[in-house]
Every structure is written in C-alpha cells, then in structure tokens.
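Topology and contacts: notes
Listed below are the residues making up each chain.
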Amino acid sequence: MTETMDAAARTGASNAEKGASTATRNRRTSWTPAWVPYAQAAPLALVFFLFFVLPLVATFVVSFWNYTEYSIEPAFVFSNYQDVFYGCFSGSSRLCTTFATYLSTLKFVAIVWAVTLFIGFTVAYFLAFHVRTLPMQIALFMVCTIPFWTSNVIRMISWIPLLGRNGLVNETLQSIGLIDAPLEWLLYSDFAVTLALVHLYTLFMVVPIFNSMMRIDRSLIEAAYDAGASGWQTLTNIIIPLVKPGILIGSIFVVTIVTGDYLTIGIMGGQQIASVGKVIQTQINFLQFPIAAANAIVLLAVVLVTIWGMLRLVDIRKEL
C-alpha cells in the first residue's frame, strides 16, 4: 500500500511539474511581443526582396522603356512586346520567329524532362529499395553527386572529344566496322544538346524522388506483397502515388532550368540551334536591354504557367 501511495505521489509530482512547465511556456508565449515573428523573418525577407523581387520589378519596368541604336530612354511604351511577337498574328501559316523559338525550347524541355524523369526514378528506386545498408546508400549517392561538383562548362566540353567527327565514339565505331564515315549528328545537333542537358540536370530529379521514396513506410509495401500484389501493381498503386511530390519538385527544377539554359544549347548546338535564352543573351550583348527584358518577362510568364499546370496535377501542400 505504501509503495502504491509513493508511486501515486511521484506521478502527481511529475504531473505537477509538467503542468508548471507548460504554464511557464504559456506565460512566456503570451508575453511575447507581436513583432518578434516578423523580426525573425525580416533578414530572409530582406534578402528575398533585394535579390528576387527588386530585380524582377526592375526588369518589368525596363521592358516598357524605349531604346535606339545608341541610347535607352525611360518611357512607357508597348513597342518592345510588339517586337517580341512581330509577325505572329499576321494570319500567315508560317510560324513567327518567337513561336518557332519557343517551340524549339519547349521541345528540349519535354525531351529532357521525360528522360531525366525515367533515369532519376530508376536510380532513386534502386538506391531506396535495393540498397539495404545506409553506408552503401551514402556511398552510391556520393558517386552520383561528385561529378556535379565540377563546372557545367567543363562537363559540357568533356563531351566534345567523345562525340566529335574525330572523337572517340566515331573512331571506335569505324575501327570495329560498324560505320564507314563519321557520324555528323553526334555533335552540334539536337542529340548533343539533349545528351548534355540530361547529363547536367538528372541529379535535380534524382534527389527529390529519392527523398520521397525514403519517406515511404516499408510496411505498406510488405502488406501489398502479402496481399498478393505483383511488383508492377505495387509500383503503380503505392510507390508512384506516394512519390508524386518528389516527381513534381524534380520536374519544376528541370523544367525551369532547361527553359532558361542558353549556354548548353549554344555550346553543344554549335551556336546553330535557337532558344529563348539565346535570344535574350544576344539582345543583351547588343545592349538592347528593353526588348531583352520584354522577352524575359514573356519567358517568365510561360514558366509560371507551366508550373501552375504542374501544381494543378498534384496538390503539393497536401502531399507534403
């Protein structure tokens, strides 16, 4: 009886201490000034404003300025946007330059997105479900990430000795008798651009998908197998639905980066393949900042609409 009373007393004391600590926390919370959360968020908000909002507003304002061959004049004109879409609504069956350029850019975006999604999902699935030990997962993940520590330009240029007319691939194929002449389409072509973009940005798809897969409760997969589900049924009914947030985040990364990438398309395409980013770079080089800003705003609108469409497919706030 005495032991029971002592235990009850200790439990009561513990509950009292917990209640006191909770009351203390509540008093501290109630005495916290209302401006403290805003002060905590102020540094990040300031950085966001200085390096994102302010440049974006400046770009939008400059897009309405007027320019000549030798000067830029502050104004409020729509001629830059008219020049961007010049000839696009003339009724001709031929695509205007702007639409053709966007079509070329979106073509690469779609191809690279599909390929990186396939490769990224496969690599993430292998690391998450077939590699059992954490040290081996870390080691293999490092193998995937170490090449990305080098510059994008260096990784792009490394393809040139391989894919060139006298490169390693052509010489190997000729030496074993598979081809009689070098393959011209290996370098400075759509194939070379797609290959380089996939090489550069696949990791942006691997990481979020792998993170989503590691959060899946393994008991769900075991229950599916116990219920007689095949591997394909488990993949399509359990794994893919639960990995949708990772797929969406990786898709946003890849789509936004590839849409604005002009360096890869310029180098691997031999400066012969059109892209929206390349057009903007050329206009900046010729100091045509207002029309370059107009093109940038149009490109931003296209990217935002694309992201909005992706977010309509998956409610990422609910999934996360």
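Reading the values: the criteria
- Residues numbered from 1 in each chain as written.
- Predicted model: local features only at pLDDT ≥ 70, side-chain atom pairs only at ≥ 80, totals over all residues.
- Heavy atoms only, no water.
- Phe/Tyr/Trp six-rings, centres within 6.5 Å; stacked < 30°, edge-to-face > 60°.
- Lys NZ or Arg CZ within 6 Å of the ring centre and 35° of its normal.
- Salt bridge = Lys/Arg side-chain N within 4 Å of Asp/Glu carboxyl O.
- Helix = DSSP H or I, 4+ residues; strand = E, 2+ residues; numbered from the N terminus.
- Buried < 20%, exposed > 50% of the residue type's maximum accessible area, 1.4 Å probe, protein only.
- Expected span 1.5 Å × (residues − 1).
- Arc of directions from axis to C-beta.
- Axes fitted to C-alpha atoms, helices over the stretch in contact; angles between N-to-C directions.
- Parallel < 35°, antiparallel > 145°, perpendicular 65-115°, else oblique.
- Left-handed = near helix turned anticlockwise from the far one by under 90°.
- Contact = heavy atoms within 4.5 Å.
- Nonpolar A, V, L, I, M, F, W, Y, C, P; charged D, E, K, R; others polar.
- pLDDT = per-residue confidence, 0-100.
- Core = buried A, V, L, I, M, F, W, Y, C linked by side-chain atoms within 4.5 Å.
- Polar contact = N/O pair within 3.5 Å; in protein donor to acceptor, adjacent residues only side chain to side chain.
- Patch = residues over 30% accessible without salt bridge, like charges linked within 9 Å, V, L, I, M, F, W, Y side chains within 5 Å.
- Areas by Shrake-Rupley, 256 points an atom, 1.4 Å probe, with all protein chains shown as cover.

**Focus: the packing of aromatic side chains**
Counting across every chain of the model gives 13 aromatic pairs. Of the aromatic side chains, those joined through ring pairs into one cluster are Phe 60, Phe 64, Phe 76, Phe 78 and Tyr 81. The ring of Phe 108 is capped by Lys 107, whose NZ or CZ atom sits 4.9 Å from the centre of that ring.

**Let's talk about the pattern of salt bridges**
The full count for this structure, using the stated rule, is two salt bridges. Ionic pairing is found between Lys 107 and Asp 190, a salt bridge with its closest N-O pair at 2.9 Å. Pair noted here: Lys 107 is in helix 4 (residues 97–130) and Asp 190 is in helix 9 (residues 190–201), with a separation of 83 residues, a long-range link. Given a relative accessible area of 34%, Lys 107 falls into the partly exposed group. Notably, a salt bridge pairs Arg 165 with Glu 184, separated by 1.9 Å at the nearest N-O pair. One end of the pair, Arg 165, is in the loop between helix 7 (160–163) and helix 8 (168–175); the other, Glu 184, is in the loop between helix 8 and helix 9, with 19 residues separating them in the sequence. Its relative accessible area of 52% is what places Glu 184 among the exposed residues.

**Here's the deal with helix 5 (residues 134–145)**
With twelve residues, helix 5 should cover 16 Å at 1.5 Å per step; its first-to-last C-alpha distance of 16 Å lies within 8% of that length. Residues Gln 137, Phe 141 and Thr 145 constitute the buried set of helix 5. Across the axial projection of helix 5, the buried residues extend over an arc of 65°, all falling on one side. Seen from the open side of helix 5, the exposed residues pointing more than 90 degrees away from its buried face are Pro 135 and Val 143.

**A word on the packing of helix 4 against helix 9**
Two numbers describe how helix 4 lies on helix 9: the axes approach to 9 Å, and their chain directions differ by 45°. The orientation of helix 4 with respect to helix 9, classified from their angle, is oblique. Here the hand of the crossing between helix 4 and helix 9 comes out right-handed. Taken together, the residues of helix 9 that come into contact with helix 4 (itself represented by Lys 107, Phe 108, Ile 111, Val 112, Val 115, Thr 116 and Ile 119) are Asp 190, Val 193, Thr 194, Leu 197, Val 198 and Tyr 201. Grouping the amino acids of the contact of helix 4 with helix 9 by side-chain chemistry returns nine nonpolar, two polar and two charged.

**Digging into the packing of helix 11 (residues 218–226) against helix 12 (residues 231–260)**
At their nearest, the axes of helix 11 and helix 12 sit 10 Å apart, and the two run at 150° to each other. By the angle class used here, helix 11 and helix 12 are roughly antiparallel. Classified by chirality, the crossing of helix 12 by helix 11 is right-handed. Counted together, Leu 220, Ile 221, Ala 224 and Tyr 225 of helix 11 and Gly 231, Thr 234, Ile 238, Ile 239 and Leu 242 of helix 12 form the full contact between these two elements.

**What to know about the confidence of the model for the chain**
Low pLDDT marks stretches whose predicted atomic positions should not be read closely. Summarising the model, the chain shows a mean pLDDT of 83, and 86% of its residues fall at 70 or more. Per-element averaging of pLDDT across the chain places helix 1 (residues 2–30) at the bottom with 48 and helix 9 at the top with 92. This model gives residues 1–13 a pLDDT under 50, and the stretch forms zero contacts once residues within four places in sequence are excluded.

**Looking at the environment of Thr 59**
Following the sequence through the fold, Thr 59 ends up in helix 2 (residues 36–62). A sequence separation of 237 residues divides Thr 59 from Ala 296, and the C-alpha atoms of the two residues are 7.9 Å apart. If near-sequence neighbours (up to four positions away) are discounted, Thr 59 is found in contact with Ala 293, Ala 296 and Ile 297.

**A word on the nonpolar core**
If you look at the biggest cluster of nonpolar residues, it comprises 60 residues, and the most contacted ones within it are Phe 121, Ile 209, Met 213, Ile 239, Val 243 and Met 268. Elements with a minimum of two residues in this core: helix 3 (79–84), helix 4, helix 9, helix 10 (203–214), helix 12, helix 13 (263–268), helix 14 (276–285) and helix 15 (289–313). Among the elements that line this core, the one with the most residues is helix 4, at ten residues.

**Some words on the environment of Lys 107**
A C-alpha to C-alpha distance of 9.9 Å links Lys 107 and Asp 190, two positions 83 residues apart in sequence. Here Asp 190 takes part through its side chain, which lies 2.9 Å from a polar atom of the side chain of Lys 107.

**Notes on a nonpolar patch on the surface**
Judged by side-chain polarity, Leu 46, Val 47, Phe 49, Leu 50, Phe 51 and Leu 54 come together as a nonpolar surface patch covering roughly 600 Å² of accessible area. Here Leu 50 lies in helix 2. A residue is classified by how much of its surface remains accessible, and Leu 50, at 40% relative accessible area, is partly exposed.

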